[in-house]
Every structure is written in structure tokens, then in C-alpha cells.
Amino acid sequence: MPHSEIFWLCTAFLVGTAVGSLLNVVVFRLPVMVRGENPELTLWSPRSRCPHCHRTIRLLHLIPIFGYLTLRGRCAFCNVPISLQYPLLELTAGLLAVGAAASADSLPQAGAYAILGWGLLALALIDWQTQLLPDLLVYPLLWLGLLVNTYELFAPLHEAVIGAVAGYLSLWLLNHLFYSFRKEAGMGYGDFKMFAVCGAWLGWMILPWVALGASILTLLLWLSRRAWGRAQRTLPFGPALALSLFGFLIWRDSARSLVGWPGL
Ligand SMILES: [Zn+2]
């Protein structure tokens, strides 16, 4: 592998872990902000604190992954274990950036892969933990999908626009039909917007496949939780939609050759 490529991938990893560090803040604070539980909390202030002893974390310990390792996974002040979620999210964001840099054909495409991957990662985690899909993350991904497709990066623009509208309306309609029979909501408005994001990035024709992929993932998750004897709860649809969208974005060519559906 040429030195320039190694340098490029290492840079991507470092940038990715730094973004992962920001995503940790977003995943932790955004649901609190959306629910209005702490009016003084923003994404930028106050500085990061230990959730147990509330002491401000030193800058050295905020360095992605490295900070966690030097602290051996415990708070420097109160010695309470730090959630493994922090370094894992930073590592995943770093690996996402490396994957995007290695597989994309151009810098804009690598940037698009990485930004979508980071956004979906944060949304999936937030939805899993709080059953929320904040507009502050969903809408930028929706606009970005339409924007990148003005250059037909993943789909022709007219298919992306129709995809965004069809994505939202199809789940909205399905949910209203479900409600008229069961008198309870099967999905939230965040899910409709997430499906609109899928349409904006990949075009309307791929939507049934993304929905099928997400449904299979949710079913597998539900069955595995049941098999392991975990307490059943209403599973959020957002994480499965995020995974399905990203999977189809990456492996669209392989899926197309496998099933030959025109939408792929
Ligand atoms: Zn502490």
C-alpha cells in the first residue's frame, strides 16, 4: 500500500474518532434538550463532565479512545467506571471514516458516506436508548441526501425528491391504517422522516427493499432477544432503518446482481 494511502486512511481514522467524540456529546445531550429537561444544556456548554461526580473532565482525558485508555475506563476523580459506549462510539466513527475513505471513488463521495454513516450512528443509538429521532439530526441528513443527488451521487435528483416524499407518506399512511384497526400508533413521526431520508439518498425505487431489510432486522432482533430470555419491549424501528439504508448504500451493486430488481 503506498505511503500516501496509509497517511490518508490514518487521517480519516483520526478525523472519524474526533467526530465520534462529538457524537458522544450529541447522543447524551440531544435527548435531554429535546425533552426540555435541562434548559441550560446545549451541545456546546457546559464542558463535558463526569455524569456521576459532575467534575469537569480534563482536556487530556477528552482525547478520543486514548483518554479512556489512560484512565483505564474509570473517572479520574471519583473512580466510577466510564461507560464503554464512549470509546466504542469513537472507534466505530473512526472505522466508518476509514471505510468511507477506502471505498469511495472521490472525496465528495467519501465525505457523503462518512457524514451519513456518522449521522445514522447517532440516530440509531439515540432511538435505541430513548425512542427519539431528533429533527436536529434527521433534517440535515434529508437535505444533504437531496443535495448530493443534485450531482447524481447515488440516484437521479427527481428519483431522490420523489423518494423523500414517498418515504414519508408511505409510512404515514401505513401507520394511520394500523391505527384505524388497532387504535394504537405502530410508529412515530421520526420513523416517517427517517424513511424520507432513505428515499432522498437512494431514490424511491429502492424504498421497498430498505423497508424489507429493516423489517427483517427488527424481526431477527426481536427473536434473538426472546431466545436469550431478555425482557421484551417495543423495539424502535430507527436503528434497523439506519442499518438497512447504510447497507444498501454500500452494497447496492452486490444486491442488484443478486436479485436484479430495477429499483436497485
Ligand atoms: Zn466522576
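## Concerning the domain arrangement of the protein
No. 1: As far as domains go, the protein holds domain 1 (1–103) and domain 2 (130–264).
No. 2: For domain 1 and domain 2, the distance between their C-alpha centres works out to 27 Å.

## Describing the nonpolar core
One broad rule of soluble globular proteins: the nonpolar side chains tend to lie buried together.
No. 1: Counting residues in hydrophobic clusters, the biggest one holds 63 residues, and the most contacted among them are Ala122, Cys198 and Val210.
No. 2: Elements with a minimum of two residues in this core: helix H1 (3–34), helix H3 (85–103), helix H4 (107–130), helix H5 (135–148), helix H6 (157–182), helix H7 (189–202), helix H8 (207–227) and helix H9 (238–250).
No. 3: If you tally residues by element for this core, the top one is H4, at 12 residues.
No. 4: Excluding residues within four positions of it along the chain, alanine 122 makes contact with Leu23, Val26, Val27 and Leu137.

## Considering unusual backbone geometry
No. 1: A cis amide bond links serine 45 with the next residue in sequence, proline 46, at an omega value of -5°.
No. 2: Position of proline 46 among the secondary structure elements: in the loop between H1 and helix H2 (66–70).

## A look at the environment of alanine 242
No. 1: Mapped onto the elements of the fold, alanine 242 is located in helix H9.
No. 2: Given 28 C-beta atoms within 10 Å, alanine 242 falls into the buried group.
No. 3: Along the chain, alanine 242 and methionine 194 lie 48 residues apart, while their C-alpha atoms are 7.9 Å from each other.
No. 4: Beyond its immediate stretch of four places on either side in the chain, alanine 242 contacts Leu120, Leu123 and Ala124.

Reading guide: rules and limits
Residues numbered from 1 in each chain as written. Predicted model: local features only at pLDDT ≥ 70, side-chain atom pairs only at ≥ 80, totals over all residues. Domains from an automatic or database assignment. Core = buried A, V, L, I, M, F, W, Y, C linked by C-beta atoms within 7 Å. Buried ≥ 20, exposed ≤ 12 C-beta atoms within 10 Å, placed from the backbone. Helix = DSSP H or I, 4+ residues; strand = E, 2+ residues; numbered from the N terminus. Contact = placed C-beta atoms within 7 Å.

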